[in-house]
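Structural characterization, general
The lines below spell out each chain.
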Amino acid sequence: MDSLDKATQLTRRRYDRASRFYDRMEGLLEKRGFRDWREQLWSMVHGSRILEVGVGTGKNLPYHPAGTGIIAIDLSSGMLRRARGRAAQSAARLELFEMDAQHLEFPDASFDAVVATFVFCSVPDPVKALLDCETGLATRRRGLSARACPPFSASTKTAHEARQSLCG
Ligand SMILES: C[S@@+](CC[C@H](N)C(=O)[O-])C[C@H]1O[C@@H](n2cnc3c(N)ncnc32)[C@H](O)[C@@H]1O
């Protein structure tokens with residue numbers, strides 16, 4: 001994590017700062033639909049070893065499937081601190097780590113499913129992160145991702161294509 005490039009360091013600083021008000025800022029959107037949508041998304045997640053990328057403040061934790069093992073990572077220690085405070089809301093065996101999605105530190109094929117919600121638009125090299133996620137998936141290949149913004153730049157367009165190949 002010490003050798004992060006400048007863009008990734010900037011992203012981390014932004015989310016460390018935002019972690020203090022992130023939940024309040026998004027409260028209305030959550031109430032108006034994101035919660036239902038999160039529940040629906042997680043109902044499609046199967047497997048015993050699941051990776052959640054960019055867990056943020058832990059808004060998905062209440063929807064984690066019971067009895068599964070979930071490793072959740074995030075770049076920002078500030079966001080992770082909030083997620084740790086919510087750990088009891090997860091029905092899974094949850095482990096949280098500070099890690100860069102562009103350099104996942106797991107052996108290949110470690111996970112049955114990889115989930116990321118509203119993450120890849122903030123990752124400087126989303127294609128690298130998606131390819132790392134794909135490498136982390138075991139043969140069942142189940143990648144679930146959602147984006148909050150349209151693929152407006154060249155890198156997010158390529159990421160969108162990579163995401164479609166991963167999610168099938
Ligand atoms: C918009 S928030 C979404 C948080 C959460 N997934 C949700 O649905 O509320 C994006 C999250 O991605 C994390 N993130 C951004 N770049 C990352 C990277 N390279 N590796 C891991 N996490 C990253 C941020 O720190 C932040 O917590």
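Before reading on, note that the structure itself is shown above.
Analysis parameters
- Residues numbered from 1 in each chain as written.
- Predicted model: local features only at pLDDT ≥ 70, side-chain atom pairs only at ≥ 80, totals over all residues.
- Helix = DSSP H or I, 4+ residues; strand = E, 2+ residues; numbered from the N terminus.
- Buried ≥ 20, exposed ≤ 12 C-beta atoms within 10 Å, placed from the backbone.
- Contact = placed C-beta atoms within 7 Å.
- Near = placed C-beta within 6 Å.
- Nonpolar A, V, L, I, M, F, W, Y, C, P; charged D, E, K, R; others polar.
- Expected span 1.5 Å × (residues − 1).
- Bend = angle between axes of the 7 residues up to and from the residue.
- Pairing = 2+ DSSP bridges.
- Core = buried A, V, L, I, M, F, W, Y, C linked by C-beta atoms within 7 Å.

Examining the overall build of the protein chain
- Tallying secondary structure elements over the protein chain gives six helices and five strands in all.
- Listing each helix as α and each strand as β along the protein chain from the N terminus yields α-α-α-β-β-α-β-β-α-β-α.
- Per-residue burial for the protein chain yields a buried fraction of 34% across its 168 residues.
- The contacts of the protein chain with a sequence gap of at least 6 include a subset with a gap of at least 24, amounting to 70%.

Quick word on the site of the ligand
- Surveying the vicinity of the ligand reveals 22 residues, the closest of which are Y15, G54, G56, A101 and T117.
- Elements with a minimum of two residues in the shell around the ligand: α1 (6-18) and β2 (69-74).
- For the shell around the ligand, a count of residues per class yields ten nonpolar, nine polar and three charged.

Looking at helix α3 (residues 27-43)
- In a regular helix each residue adds 1.5 Å, so 17 residues correspond to 24 Å; α3 covers 22 Å between its end C-alpha atoms and thus fits that length.
- Most pronounced at G33, the bend in α3 amounts to some 60°.
- Little of α3 sits inside the fold, with zero of its 17 residues counted as buried.

Let's talk about the pairing of strand β1 (residues 49-53)
- Where burial is concerned, most of β1 is hidden: four out of the five residues are buried.
- Inspection of the sheet shows β1 paired to β2 by five bridges, in the parallel sense. Within the sheet, the bridge partner assigned to R49 lies in β2 and is G69.
- In terms of strand pairing, β1 meets strand β4 (residues 113-117) through four bridges, oriented parallel. Across the sheet, L51 pairs through a bridge with V114, a residue of β4.

Some remarks on the environment of A72
- Position of A72 relative to the elements: it lies in strand β2.
- Once the C-alpha coordinates of A72 and A83 are considered, the two residues, eleven residues apart in sequence, prove to be 9.4 Å apart.
- Excluding its chain neighbours within four sequence positions, the residues that come into contact with A72 are E52, V55, A83, L94 and L96.

With respect to the nonpolar core
- Grouped together as the largest cluster of nonpolar side chains are 32 residues, with contacts concentrated most on I50, V53, A72, A83 and V114.
- Looking at this core, the elements that each hand over two or more residues are β1, β2, α4 (77-85), β3 (93-98), β4 and α5 (126-136).
- Residues in contact with I50, not counting those within four places in the same chain, are V45, T68, G69, I70, F111, D112, A113 and V115.

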